[in-house]
Each structure stands twice: as C-alpha cells, then as structure tokens.
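# Commentary on secondary and tertiary structure
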Amino acid sequence: MIGFAALALLAGVLVSLSRQINGRLALSTSAWESSFWNHIVGLGFITLIAIVFGGLFAGAPQDAPWWAYLGGPIGVVFIAAGSWLIARIGAAQTALLIIAGQMISGVVIDIVMGMAGNAFARIAGVALILAGMWVARSAKD
Amino acid sequence: MVLFNGTLAAYGSLLFASWVPHLTGTVLAIVILLALRPRRVGGISRPPVWAYLGGVVGGVTVMLTSATMNTALALSGTIALGLAGQMLFSLFADIRGLFGLPQRMPKARDYLALALIIAGNLVLIFLGGAA
C-alpha cells in the first residue's frame, strides 16, 4: 500500500518533470514544436512498450464513441500551453492553475453528464479553488 | 482531455487510451507546425538532447497511474497523491531553477493559493462524489 502510494506520488512528480523538460525544449524552439516532439517521442515509446508487452488492442476499442478520439488534438494544445507558460510564470504557478482548471471543468462535465454528486461539496470545493486562483493571480507585483 | 482519454480506456486498454491520443496528437502537431511555421525563439542555441525526452516521461506516467488506479488507492487516491507530487516537485524545481528554467522563490501568497486550491481539490475528490 505504501509502495503504491509512493508510485502515485511519483506519477505526479513525473507530470511536473515532463512539463519542465518540454518547457526547456520550447525555450530553444517553440511551444508548438515542443508539443510535437512530446507527442512523437511518446508515441514511439508507447509503441515500443506495446510491442514488448502486447495488449494494445485488448478490449473493444472500436466500440468507443467518435468524440473519445478528441483527447489527442486537445493534448497538443495542452502541452504547447504548458511549455509556453512554465518559462513565464514558473512550474508551481503553471501546475496550480492547470490543476484548478481541471478540477473545476471536471465538476462542470460531471454535472452536464448527469453524474450524481454531493452538491454542497461541489460548491465548497469550486469556491475554495476559485479563491486560490484569485490569490495566485493577485500575487503578481 | 481526461474525459475523452478515459472513455477510450473504458472501451479499450489503458495502453490504447494513451497510444491513440499520441498518434492523433502527432498528426495535428505536424499540421500546426506546417501551417503556423512558428519561429524558433532560441535563435542559435541548440536544445540539449534530454529536452526531447518529455514524451518518454509522459509515457511512464501513464503506466504508473494505470498500476495504482487498480489498487486500494483507487482513482481518487491516485489523483490526490498525483496532484501532491506534482505540486511539491514544481515548487522544488522553481526554488532550485531546475532544467534551465528561470529560478523563482514562492511568496507567502503563493503558499496561500496552494493551500486553498489543495483544500478545494480534497473536498471535491473525497466528498464530491455520490454519497
């Protein structure tokens, strides 16, 4: 259990590490080019893993709705934006604002898709995050 | 993005849910590069070779989260710990100015923002679902 918790924590560290590496590449190239390299190198790496371990087409991926394939194009913009931001507002601010945006849009998507949830906790959680974003925004001097 | 990729994972394997967005993303990135031809801001400075390896780190991340999601940590625990790891390492990187990025000392206000957003996340992750 402690081992798995450490792995989950490490996954978060790697998210930040990846953004910093891409940000460094964007410093010498451009945010879009950095996003391109992130995707093509990642594609090569995952393909390699799939060849070694197999299981890439397990399940019934052909049954997924067409809009499920939109994650990739959104990811291109996401990586480019992160690479651009991190050199300008820092790793911590970038992570903080991305997390805030993710959580709030997650709540909105849950509500739109009719997922059951605790309304009070949703309001309190979003209010806390918005307050945090407001404080972070006014920290510039 | 997480919703779309997560939907893919619900139908196919997690590997597939990471492979497809990288494939479609690569295609779109090529189109964007051809269409916009963004100027290389760095001029003559060549990026170090390791700067091209961000995608590998991203691939390892997918494997780690797919491993921990199916343990007692579940999705909520995986996300909460992942956010903690992301924030702690980001702060550390800013303070030390790691990987050739500008060094930054967080101010008291940054920590207050951090505390508020973490608190909001914990409320959403552990109390926001159906009772």
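Here's a quick rundown of the structure. Please read these numbers as outputs of a predicted model, since none were measured by experiment.

## Focus: the overall build of chain B
When helices and strands are tallied, chain B shows 5 helices and 0 strands. In chain B, the order of α-helices and β-strands from amino to carboxyl end is α-α-α-α-α. Taking all 131 residues of chain B together, 46% fall into the buried category.

## Quick notes on helix α2 (residues 31-53) of chain A
Given a rise of 1.5 Å per residue, 23 residues ought to cover 33 Å, and the 32 Å separating the end C-alpha atoms of α2(A) matches this to within 8%. Remark: A:Gly54 follows α2(A) within two positions and exhibits a positive phi of approximately 75°.

## A closer look at the packing of helix α1 (residues 2-28) of chain A against helix α3 (residues 71-89) of chain A
All names here are of chain A. Two elements in contact, α1 and α3, have axes separated by 8 Å at closest approach and are oriented at 75°. Taken together, the axis directions place α1 and α3 in an arrangement best described as roughly perpendicular. The residues of α3 that touch α1, namely those facing Arg19, Gln20, Asn22, Gly23, Ala26 and Leu27, are Ile79, Gly82, Ser83, Trp84, Ile86 and Ala87.

## Side note on the interface of chain B and chain A
Each side of the interface is counted separately: chain B has 92 residues, and chain A has 89 residues. Sorting the residues of the side of chain B that touches chain A by element identifies α1 (2-11), α2 (14-36), α3 (54-68), α4 (74-96) and α5 (108-127) of chain B as the ones contributing at least two each. Sorting elements by how many residues they give to the side of chain B that touches chain A places α2(B) first, with 17 residues.

## Overview of the nonpolar core
Counting 67 residues, the largest nonpolar core has A:Ile21, A:Leu96, A:Ile99 and B:Ile117 as the members making the most contacts within it. Per-element tally for this core: the top contributor is α1(A), with 12 residues. Residue-level mapping places this core at the junction of two domains, with at least three residues from each of domain 1 (1-61) and domain 2 (69-131) of chain B. Not counting the four nearest positions on each side in its chain, A:Leu96 is found in contact with A:Ala136, B:Ala113, B:Leu114 and B:Ile117.

## Looking at the packing of α1(A) against α3(B)
Packing of α1(A) against α3(B) leaves a shortest axis separation of 8 Å and a crossing angle of 160°. Relative to α3(B), the element α1(A) lies roughly antiparallel. By crossing handedness, the relation of α1(A) to α3(B) is classed as left-handed. Here A:Phe4, A:Leu7, A:Ala8, A:Leu10, A:Ala11, A:Leu14, A:Val15, A:Leu17, A:Ser18, A:Ile21, A:Asn22 and A:Leu25 of α1(A) lie close against α3(B), whose contacting residues are B:Gly54, B:Val57, B:Gly58, B:Val60, B:Thr61, B:Leu64, B:Thr65, B:Ala67 and B:Thr68.

What counts and what doesn't
- Residues numbered from 1 in each chain as written.
- Chains lettered and ligands numbered in written order.
- Predicted model: local features only at pLDDT ≥ 70, side-chain atom pairs only at ≥ 80, totals over all residues.
- Helix = DSSP H or I, 4+ residues; strand = E, 2+ residues; numbered from the N terminus.
- Buried ≥ 20, exposed ≤ 12 C-beta atoms within 10 Å, placed from the backbone.
- Expected span 1.5 Å × (residues − 1).
- Axes fitted to C-alpha atoms, helices over the stretch in contact; angles between N-to-C directions.
- Parallel < 35°, antiparallel > 145°, perpendicular 65-115°, else oblique.
- Contact = placed C-beta atoms within 7 Å.
- Core = buried A, V, L, I, M, F, W, Y, C linked by C-beta atoms within 7 Å.
- Domains from an automatic or database assignment.
- Left-handed = near helix turned anticlockwise from the far one by under 90°.

This is a description of form; function is not addressed.
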